[in-house]
Amino acid sequence: MEVSYFAIIIGAIFVNNVVLAQFLGICPFLGVSSKVETSLGMGAAVTFVMALTAVVAWPLQQLLALWHIEYMQTIVFILVIAALVQMVEIILKKMSPSLYQALGIFLPLITTNCAVLGVAILMIQKEFNLLQSVTYSVATALGFALALVLFAGIRERLEFEDVPKAFRGVPVALVTAGILAMAFMGFSGLV
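Every chain is numbered on its own, with residues counted from 1 as its sequence reads. Note on the predicted model: pLDDT of at least 70 is required for a residue's local features to be given, and 80 or more for side-chain atom pairs to be given and counted; whole-chain, interface and lining totals, by contrast, use all residues. Only hydrogens and water are set aside; all other atoms, that is, all heavy atoms of the structure, feed into the side-chain values.

### Details of the overall build of the chain
- Segments assigned H or I by DSSP are reported as helices when at least four residues long, segments assigned E as strands when at least two residues long, and all are numbered from the N terminus. Helices and strands together make up the secondary structure of the chain, namely nine helices and zero strands.
- Across the chain, helices and strands are ordered from the amino to the carboxyl terminus as α-α-α-α-α-α-α-α-α.
- In this description the radius of gyration comes from C-alpha coordinates, and the expected globular size is given by 2.2 Å times residues to the power 0.38. A compact globule built from 191 residues should have a C-alpha radius of gyration of about 16 Å, and the chain, at 17 Å, falls within 12% of that.
- Between buried and exposed lies partly exposed: a residue is buried under 20% and exposed over 50% of the maximum accessible area for its type, with that area taken using a 1.4 Å probe on protein chains only. For the chain, buried positions account for 42% of its 191 residues.
- Any two residues whose heavy atoms approach within 4.5 Å are treated as being in contact. When contacts within the chain are restricted to residue pairs at least 6 apart in sequence, long-range pairs at least 24 apart make up 76% of them.
- Note that His is not counted, nor are the chain ends; the positive residues are Lys and Arg, and the negative ones are Asp and Glu. Working definition for charges: the position is that of NZ of Lys, CZ of Arg, CG of Asp or CD of Glu. In the chain, which carries 8 positive and 9 negative side-chain charges, the distance between the mean positions of the two groups comes to 10 Å.

What follows is the structure, encoded as structure tokens:
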């Protein structure tokens, strides 16, 4: 059954949001979401790395299947993601120092972002072709960025609100994340 690209995009961004529905990438979601500016940087970096990961992981999976060693998938993907992030970091440092400075801390954080590995494995499980895999990866990263920026915007506004002392900091952030996840559940009938 051929899945439409529109369904892949809407499903990845809203319906099956990687953070709010699948709970992948929670660490950067809670850790980097205190300011909208840093959330935008992290979202851009994740989008770039997820797109590259899809382009590299899909052919690697075909090789693993050809050699009947699919059980090595997780280890191979972890190594590929780490190598890609390092390669991107080195290239950016030489080619565009300003962009490297802008993304500075976010690139090493992506190496340990389980959302990147999760998306690489999910695109294989869904049996997407290469173009569908790239579309799914980019749309998932955009969904991650959307959730991150929305959450950061809410957290910035909460700094000016009179939050009870027991709820300040992490507790109100977790409650807010739960409410945001419930809001995204409203999209569940779209695809």
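Let us keep going from here.
### A word on unusual backbone geometry
- The phi dihedral of Phe23 falls on the positive side, at around 55 degrees, and the residue is not glycine.
- Of note, Phe23 is situated in the loop between helix 1 (5–15) and helix 2 (26–31).
- The class of Phe23 is exposed, set by a relative accessible area of 55%.
- At Glu127, a position not held by glycine, the phi torsion is positive, near 60 degrees.

### Considerations on the environment of Leu64
- Positionally, Leu64 belongs in helix 3 (residues 36–66).
- A relative accessible area of 6% places Leu64 in the buried class.
- Put simply, Leu64 and Leu52 are 12 residues apart on the chain and 18 Å apart in space, counted from C-alpha to C-alpha.
- Contact partners of Leu64, with chain neighbours within four places excluded, come to Ile69, Glu70, Met72, Gln73 and Val76.

### With respect to the packing of helix 3 against helix 8 (residues 130–158)
- Their axes nearest at 8 Å, the elements helix 3 and helix 8 cross at an angle of 165 degrees. By the criterion of interaxial angle, the relationship of helix 3 to helix 8 is roughly antiparallel. Here the hand of the crossing between helix 3 and helix 8 comes out right-handed.
- Across the contact of helix 3 with helix 8, the residue classes tally to 20 nonpolar, seven polar and one charged. Think of each axis as a best-fit line through the C-alpha atoms, taken over the contacting stretch in the case of a helix, with angles from 0 to 180 degrees between the N-to-C directions. Should an angle lie under 35 degrees it is considered roughly parallel, over 145 roughly antiparallel, and from 65 to 115 roughly perpendicular; all remaining angles are considered oblique. Crossing handedness is read from the near helix: turned anticlockwise from the far helix by less than a right angle, it gives a left-handed crossing, and turned clockwise, a right-handed one. In the scheme used here, Gly and all other residues not listed as nonpolar or charged are polar, with Ala, Val, Leu, Ile, Met, Phe, Trp, Tyr, Cys and Pro taken as nonpolar and Asp, Glu, Lys and Arg as charged.

### A look at the side chain of Thr140
- Structurally, Thr140 can be placed in helix 8.
- The buried category is assigned to Thr140, whose relative accessible area is 2%.
- Those residues within four positions of Thr140 in sequence are excluded, and the remaining contacts are Ala12, Val18, Met50 and Val119.

### Points about helix 8
- Residue count minus one, scaled by 1.5 Å, sets the expected span of a helix. An ideal rise of 1.5 Å per residue puts 42 Å on 29 residues; helix 8 measures up with 42 Å between its terminal C-alpha atoms.
- For helix 8, the N-terminal capping position is held by Asn129, with its side-chain oxygen 3.1 Å away from the main-chain nitrogen of Leu131. Pairing of N or O atoms within 3.5 Å defines a polar contact, subject to two protein rules: one partner must be a possible hydrogen donor and the other a possible acceptor, and residues neighboring in sequence count only if both atoms are side-chain atoms.

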